[in-house]
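Remarks on the overall topology
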Amino acid sequence: MSTEFLSLTIFVILLVLLFFMFRQKKGWVWLLRKRMQISDKILSEDLLKCMAECQMDGEELSVKTATQTMEISETEVSRIFGQLQKQNFLQADGKNYKLTNAGLSYGLRMIRAHRLYELFMAEHSGYREEEWHEKAHIAEHSLTDDEINELDKRLNFPIHDPHGDPIPNSDGVMKSYANRLTLNDLKEGDSGMIIHLEDEPPVVYKQLTRDGLFPGQYVTVQSIEGDTIQFNTRRKAHTATPVLAANIQLIPRDPQDIPVISGKSLADCPQGRMARIQELSPKIIGSQRRRLMDLGFLPGTVVEKEIVSAAGDPMGFRIRDTLIALRKSQADNILAEILDEEPQKGAI
């Protein structure tokens, strides 16, 4: 192979590489730069959202606390903070940082997008509860203002997300509960209604939901022994450590004001027995609640547990001369009184 041909081949290869590296919009360098810009945008929006939440709660945020919250390096946090200051979203306040009006408005917009999308996932998707947060975290960075407003309208302008967190309106105003406490604040014999389960960190949130806890549920503290809190919901006994209890937010309630539900869940009804529905758990929301009600699972309706699969899930209920299959997780959230007598099926 001649020297001239080898040089020409190397030159052509270099031209091809340069083309793929620097061609407009599709070149490797352009794509890498775009990816870095997207990453910075996401980090910036995450920090603005985090700071807006802290500021609304009256808390301050430093580089160190932001590092712990965001789980990224102090160098990265400092770099993003510098960018936000240049954009007039952030200003230094001693060792801490404070959002400007523009930064607070942007942060509240991100909170609004996240919580509206979580509610949308809860009411109109088949995803599990522990997946809502991650899906919303992805969507919040791509939703436009028009899409956020349309989502708000479609959900009928809600004021709380599925976890009980207030949703800012288009003006950045959000309604919140007064006298908000955590389970750690209650003493023996105290009662309250859960208004929010903190979804960070995810591992703690999963543990709370798997234990059957949800907003709208009433709890009563039975005993406090060392670092263990024993408390009851209307259906079962629970145990919580201080870490778990700190993620359970509630408002105090007089025990005498808590409605009494003496029944069990439809899932606990023996096969072949009849039961009168008392209520649908507040955990059943959106399209799933509407579907169950359309099928006839209404308070006062009498149903018969007719079939149970070999694995125990699903199970079949006879209601108004129709056999309807429910997953155990659905039947577990329909409270009912087990009947000894034999009323007419489907009666109210």
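It should be emphasised that the depicted structure is a prediction, and the values quoted were computed from it without experimental measurement.

The next subject is the overall build of the chain. Assigned secondary structure in the chain consists of 11 helices and 15 strands. A buried classification covers 41% of the 348 residues belonging to the chain. Sequence-distant contacts in the chain: of pairs separated by 6 or more residues, those separated by 24 or more amount to 63%. When the accessible surface of the chain is summed, it comes to about 19800 Å², and 52% of that surface belongs to carbon and sulfur atoms.

Listing the buried residues of helix 6 (residues 129-139) in full gives E129, W132, H133, A136 and A139. Across the axial projection of helix 6, the buried residues extend over an arc of 135°, all falling on one side. Check the buried side of helix 6 and you find it contacts helix 5 (101-124) and helix 8 (202-210).

Further remarks concern the confidence of the model for the chain. On average, residues of the chain score 80 in pLDDT, and 84% of them are at 70 or above. Below a pLDDT of 50 lies the segment residues 29-38, which in the model reaches 7 contacts outside its immediate sequence neighbourhood of four places, other chains included.

Turning our eyes to something else, we now look at the environment of V77. Tracing the sequence through the fold places V77 in helix 4 (residues 74-86). The spacing of V77 and A66 is 11 residues in sequence and 7.1 Å in space, taken between C-alpha atoms.

This part covers the nonpolar core. Among the nonpolar cores identified, the biggest contains 21 residues, and M51, L61, F81, L84, L90 and L99 are the most heavily contacted of them. Elements that contribute at least two residues to this core include exactly helix 2 (28-56), helix 3 (63-70), helix 4, strand 3 (96-99) and helix 5. Among the elements that make up this core, the one with the highest residue count is helix 2 (7 residues). Among all residues touching L90, those that are not within four sequence positions of it are M51, F81, L84, Q85, Y97, K98, L99 and T100.

Bringing helix 7 (residues 145-154) into the picture now. Within the span of helix 7, buried status applies to I148, L151 and D152. All buried residues of helix 7 project into a common sector of 100° when viewed along the axis, lining one side. More than 90 degrees from the buried face of helix 7, the exposed residues found are D146, K153 and R154. In the core, the buried residues of helix 7 are packed alongside helix 5. Within two residues after helix 7, N156 carries a phi angle of roughly 65°, on the positive side.

By the element assignment, Q288 lies in helix 10 (residues 286-294). Distance from Q288 to E123, taken between C-alpha atoms, is 7.3 Å for residues 165 residues apart in sequence. If we skip the residues at most four places from it in the chain, Q288 touches R327 and Q330.

Procedures and definitions
Residues numbered from 1 in each chain as written. Predicted model: local features only at pLDDT ≥ 70, side-chain atom pairs only at ≥ 80, totals over all residues. Heavy atoms only, no water. Helix = DSSP H or I, 4+ residues; strand = E, 2+ residues; numbered from the N terminus. Buried < 20%, exposed > 50% of the residue type's maximum accessible area, 1.4 Å probe, protein only. Contact = heavy atoms within 4.5 Å. Areas by Shrake-Rupley, 256 points an atom, 1.4 Å probe, with all protein chains shown as cover. Arc of directions from axis to C-beta. pLDDT = per-residue confidence, 0-100. Core = buried A, V, L, I, M, F, W, Y, C linked by side-chain atoms within 4.5 Å.

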